[in-house]
Amino acid sequence: MELKNDDQNFEEFHLDQPRGDRKKQENLKPEHSVQAADPMRGKCPPLVFYILLGVSILLSVVVLGTAVILFTGVSEKTSLSLAEPRTNISQLEDITQMLSKMKMSDTDLKMEISQLKSTDSELFSEMKTSGVDFKMELSQMKQNVSELFSEMKTADDDFKMEFTQLKRKFTEWSAKLAAIENKFQQQISDLQQNDPRCTPCATGWRYFEGKCYQFSESSKNWHEANLDCFSKQSYLIVIRTNQQQNFMKATIMGQRCWIGLNDLTVEGQWNWVDGTDSKATKMFWASGEPNNERNNEHCVEARFDGKWNDAPCTFDFRWICERPSFPCVTN
Ligand SMILES: [Ca+2]
Ligand SMILES: [Ca+2]
């Protein structure tokens, strides 16, 4: 009751006061009244205020930080979203430039390929032309060589034929000459056989059964030996009897000598140089002879043992010349 009264008095007091005074009074009233009612109430308001203020500041900081973060995120997103188109445009421009360069390179490449094709075609054409020319030249050369070989073969055949004919004629003439000389010498011998001044053979010749023989001191081929005998009015020895064969064998004393037998005219057909028929005389061939080895043995030699062997006419042997004896030759 006392409080109520005090309030009422207080109200009355304020009603009686001017407004300005009343505010002063109002401001002063709680202090005085609280202090008067509860001495602890004067200390609480500042603490709450500070707490509230701190909370408010904290909230403000949180809100502000959140806003800043959100704003930053949005800004970044915005900046990124703005930068992407620029990057894409730049990349697109780069791709466009690359495509343009590739197109130019492709055009250049096509031109080079075209030039290469043209060059290749020209080169192939030139090679083809050269190949045709070369084939023609080669064909012409082959033909020339073939003609040359043909001419050489013809010339060789003609030469061989002429040589064979000459040899045959030579042999025939040799035989005829020897036969004539033999006959002539025989006639002389018959006319002068009783002359005591005569000797059968000239100096250097050996007499045997009506014939004179000379043995060479050197070696020559068959044709040279045959010519040597002709130059001495004689011929290569003609062996007609066993006695002549033994005389020849004993005289040569193991040396190989040409005799006047050959098959130069016809292979296998043996002829004596004086025309004596070989079929009418005895032959003294060595065992296995004549064998015409390598188809090149056409002249006959007397071997070391006196047996006969057909041999190449180009071999060099000694030789024996034969001629009829001269009953009336004076030394
Ligand atoms: Ca022969
Ligand atoms: Ca032989």
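Residues numbered from 1 in each chain as written. Chains lettered and ligands numbered in written order. Predicted model: local features only at pLDDT ≥ 70, side-chain atom pairs only at ≥ 80, totals over all residues.

Caption draft 1: Focus on the overall build of the protein. Each helix and strand in the protein was counted, giving five helices and eight strands. Relative to its full complement of 331 residues, the protein shows a buried share of 15%. Put simply, of all contacts in the protein between residues at least 6 apart along the chain, 67% involve residues at least 24 apart. (Helix = DSSP H or I, 4+ residues; strand = E, 2+ residues; numbered from the N terminus. Buried ≥ 20, exposed ≤ 12 C-beta atoms within 10 Å, placed from the backbone. Contact = placed C-beta atoms within 7 Å.)

Caption draft 2: Molecular detail of the nonpolar core. Core analysis: the biggest nonpolar cluster contains 30 residues, and Leu236, Ile237, Trp258, Ile259, Trp319 and Ile320 have the highest contact counts within it. If you list the elements that add at least two residues to this core, you get strand E2 (211–215), helix H4 (222–231), strand E3 (235–236), strand E4 (257–262), strand E6 (299–302), strand E7 (308–311) and strand E8 (318–324). The greatest single-element share of this core, amounting to four residues, is contributed by E4. Apart from the residues within four sequence positions on either side, Ile259 is in contact with Leu236, Ile237, Ile239, Val300, Glu301, Ala302 and Ile320. (Core = buried A, V, L, I, M, F, W, Y, C linked by C-beta atoms within 7 Å.)

Caption draft 3: Representation of the pairing of E7. Of the strand pairs in this sheet, E6 and E7 are connected by four bridges, and their pairing is antiparallel. By the bridge assignment for E7, Glu301 is matched with Asn309. Where E6 folds back onto E7 in an antiparallel hairpin, the turn is made up of five residues, including Gly306, whose phi is positive at roughly 85°. (Pairing = 2+ DSSP bridges.)

Caption draft 4: The arrangement of the environment of Asn295 in detail. Along the chain, the position of Asn295 falls in the loop between strand E5 (271–272) and E6. You can call Asn295 exposed: it has 7 C-beta atoms within 10 Å. Sequence-wise, Asn295 and Ala311 are 16 residues apart; in three dimensions their C-alpha atoms are separated by 10.0 Å.

Caption draft 5: Up close: the confidence of the model for the protein. Per-chain confidence: the protein averages 80 in pLDDT, with 75% of residues scoring 70 or above. Between residues 1–42, whose pLDDT stays under 50, and residues either more than four places distant or in other chains, the model counts seven contacts. (pLDDT = per-residue confidence, 0-100.)

Caption draft 6: The environment of Arg206, seen in detail. Tracing the backbone shows Arg206 in strand E1 (residues 206–208). A sequence separation of 119 residues divides Arg206 from Ser325, and the C-alpha atoms of the two residues are 9.3 Å apart.

Caption draft 7: Inspection of unusual backbone geometry at higher detail. With omega at -5°, the peptide bond leading from Glu289 into Pro290 counts as cis. When you line up the elements, Pro290 lands in the loop between E5 and E6. Notably, Asn292 is not glycine yet its phi reads approximately 45°, a positive angle. Assignment of secondary structure puts Asn292 in the loop between E5 and E6.

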